[in-house]
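Given next are the chains, with one letter for each unit.
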Amino acid sequence: MPGNTLHADYPWTSPDAPFVVAAPMMKITLGRLAVSVSANGGLGFLAGGFDLSPLAKDLGETAEFAKSQGLQLHDGILPIGVGFQNWGSDLQLALAALKEHPVAAVWFFAPKQLSDLLDWAKQIRAVSGGKTKIWVQIGTVAEALEVAKTTQPDVIVIQGADSGGHGLAQRASLLTLLPEVIDALAEERIDIPVIAAGGIVDGRGAAAALTLGAAGVALGTRFLACSEAVIAKGYQDQVLSVTDGGASTVGTTIYDVVRGIHGWPRAYNGRGIANSTYHDAEQGMSEAENVEKYETAVQQGDAGWGPEGRMTTYAGTGVGLVREVMSAGEIVKSVQKEAVQTLQRSTAKYVK
Ligand SMILES: Cc1cc2nc3c(=O)[nH]c(=O)nc-3n(C[C@H](O)[C@H](O)[C@H](O)COP(=O)(O)O)c2cc1C
């Protein structure tokens, strides 16, 4: 039964409902969001991003907030996860923060090479006495097999092409990627639960991923529209207003260029809502001019977002399904409830 083994490892999660995760989103999913998700039967990830210098302080504040919300430590562990963008993260800073504030899981993403994750996994397991579980987000069948055989994580997150933010430029959507990864792991007799990410916004998407064999689902874009997200109003308003995400979002590296972020491995780009930064780059505007215009837009605050705006608005193709701001906890509960209803409806229709 999907989700059962995960529930045993994360005992505060709802035992009888689908396993719902808030994916790490750099600078947006911080402690309050992660705690709210975990306090409502899900698993929330605080995004460490690539600059881990504030992590120990952020985790300290998160632990205080969790306490104030009545969210108990489990076996001495804070019941949230922490996500890393491994290509630019400092392992020693991570270890120092996790030693002071042990968490239930860490989420690795986008190392310079997958073999780098071996050391990360080994050292984090050592510093937590094995209590911190290792999650790795991958984007192809080959990556899943390599990670499963080398790093041997506790969970593999499969990131399909619809996802918002960064991902491999060359990859398939969950509809084909997820079952192919599951088959490939089974063929090698590897038993690691897989979590589906990319384009899952509501209970219908969650039900589809569970039907394809996922043990749980991770949502990013949907949590851009929650009250605990650290997000500018201009950004959130655009997420709420944009529809037809396949047409209105693009995978590009220009949004990193204008923000001065240069370290992403070459195989990655970032999916965001197409705006003037992107259209001008496509029309041949120089990077220098685009950066200058971006910096002017930054001064405009919320007005820098919008169809004619220039501010980076990372979001996945599911953006058109994000229609209102809810609390993170309400999102978890509603995705769980709708997923079960959807599964029941299809079963009633087709299974006699
Ligand atoms: C704004 C934004 C920021 C993101 N930042 C990170 C990050 O810091 N680390 C990471 O592992 N993934 C990051 N992701 C990707 C998520 O982990 C996840 O794969 C994705 O959100 C799932 O697809 P969805 O957005 O369609 O739900 C980000 C996604 C978004 C939309």
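Model, not experiment: these values are computed from the prediction.

Caption draft 1: Summary view of the layout of surface pockets. Its volume calculated, the largest pocket comes out at about 930 Å³. In terms of lining residues, the largest pocket is bounded by 47 residues, among which Met25, Met26, Ile28, Gly165 and Tyr314 are the most central. Of all the elements in the fold, those that place two or more residues in the lining of the largest pocket are strand 2 (43–49), strand 3 (78–85), strand 4 (103–109), strand 7 (165–168), strand 9 (216–219), helix 9 (221–224) and helix 12 (254–259). With three residues, strand 3 is the largest single contributor of residues to the lining of the largest pocket. Grouping the constituent residues of the lining of the largest pocket by class yields 27 nonpolar, 16 polar and four charged. Viewed by domain, the lining of the largest pocket spans two of them, domain 1 (4–230 + 325–350) and domain 2 (233–319), each represented by three or more residues.

Caption draft 2: Spatial organisation of the environment of Trp107. Here Trp107 lies in strand 4. The exposure class assigned to Trp107 is buried, which follows from its relative accessible area of 3%. Residues Trp107 and Val201, 94 residues apart in the sequence, show an inter-C-alpha distance of 20 Å. Ignoring anything within four residues of it in the chain, the contact list for Trp107 reads Val21, Ala23, Pro24, Phe45, Val82, Gly83, Phe84, Trp135, Gln137, Val157 and Ala218.

Caption draft 3: Expanded view of the side chain of Ser14. With respect to the element layout, Ser14 can be found in the loop between helix 1 (4–9) and strand 1 (20–22). The exposure class assigned to Ser14 is buried, which follows from its relative accessible area of 18%. Residue contacts for Ser14: discarding those within four places in its chain leaves His7, Asn40, Gly41 and Gln336.

Caption draft 4: View of the domain arrangement of the chain. Partitioning the chain into domains gives domain 1 (4–230 + 325–350) and domain 2 (233–319). When each unit is reduced to the centre of its C-alpha atoms, the spacing between domain 1 and domain 2 is 25 Å. If you look at the interface, domain 1 gives 25 residues, while domain 2 gives 20 residues. Where domain 1 abuts domain 2, roughly 1,900 Å² becomes buried across the two surfaces, and 64% of that area is made up of carbon and sulfur atoms. On the domain 1 side of the contact with domain 2, Trp87, His166 and Leu224 bury the most area, a combined 31% of that side's loss. Between the two partners, domain 1 and domain 2, sit zero salt bridges. Run the count over domain 1 and domain 2 and you get ten residue pairs in polar contact (both at pLDDT 80 or more). If one sorts the elements of the side of domain 1 that touches domain 2 by residue count, strand 7 sits on top with four residues. Broken down by class, the residue content of the side of domain 1 that touches domain 2 amounts to 15 nonpolar, seven polar and three charged.

Caption draft 5: Here's a closer look at the packing of aromatic side chains. In total, this model carries 17 aromatic pairs according to the counting rule given. Judged by centre distance (4.8 Å) and plane angle (35°), the ring pair of Phe50 and Trp87 falls under tilted. Here Phe50 is found in the loop between strand 2 and helix 3 (55–68), whereas its partner Trp87 is found in the loop between strand 3 and helix 4 (91–100), with 37 residues between them in sequence. The class of Phe50 is partly exposed, set by a relative accessible area of 24%. On the basis of relative accessibility, which here comes to 10%, the residue Trp87 falls in the buried class. Measuring from ring centre to ring centre gives 5.6 Å for Phe109 and Tyr268, while their planes differ by 90°; the resulting arrangement is edge-to-face. Residue Phe109 is found in strand 4, and its partner Tyr268 is found in strand 11 (residues 268–273); the two are separated by 159 residues along the sequence. For Tyr268, a relative accessible area of 8% puts it in the buried group. Here the aromatic residues Tyr10, Trp12, Phe19, Phe45, Trp107 and Trp135 are joined through ring pairs into a cluster of three or more.

Caption draft 6: Highlighting the site of the ligand. Lining the immediate environment of the ligand, one finds 22 residues, of which Gln85, Gln137, Gly199, Gly220 and Thr221 sit closest. Taking Met26, its main chain carries an N or O atom lying 3.1 Å from an oxygen atom of the ligand. Interatomic distance of 2.8 Å between a backbone N/O atom of Gly220 and an oxygen atom of the ligand. For the ligand, the protein covers 97% of the area, taking 600 Å² as the surface of the free molecule. Applying the majority rule of atoms within 2 Å of the grid points places the ligand in the largest pocket. Class assignment for the residues of the shell around the ligand results in eleven nonpolar, ten polar and one charged.

Reading guide: rules and limits
- Residues numbered from 1 in each chain as written.
- Predicted model: local features only at pLDDT ≥ 70, side-chain atom pairs only at ≥ 80, totals over all residues.
- Heavy atoms only, no water.
- 1 Å grid on protein atoms, 1.4 Å probe; cavity = no way out; pocket = protein on both sides within 12 Å on 5 of 7 lines; lining within 4 Å.
- Points joined across faces, edges and corners; volume = space filled by probe spheres on them.
- Helix = DSSP H or I, 4+ residues; strand = E, 2+ residues; numbered from the N terminus.
- Nonpolar A, V, L, I, M, F, W, Y, C, P; charged D, E, K, R; others polar.
- Domains from an automatic or database assignment.
- Buried < 20%, exposed > 50% of the residue type's maximum accessible area, 1.4 Å probe, protein only.
- Contact = heavy atoms within 4.5 Å.
- Buried area = accessible area lost by both parts, 1.4 Å probe.
- Salt bridge = Lys/Arg side-chain N within 4 Å of Asp/Glu carboxyl O.
- Polar contact = N/O pair within 3.5 Å; in protein donor to acceptor, adjacent residues only side chain to side chain.
- Phe/Tyr/Trp six-rings, centres within 6.5 Å; stacked < 30°, edge-to-face > 60°.
- Near = heavy atom within 4 Å.
- Areas by Shrake-Rupley, 256 points an atom, 1.4 Å probe, with all protein chains shown as cover.
- Sits in = over half its atoms within 2 Å of the grid points.

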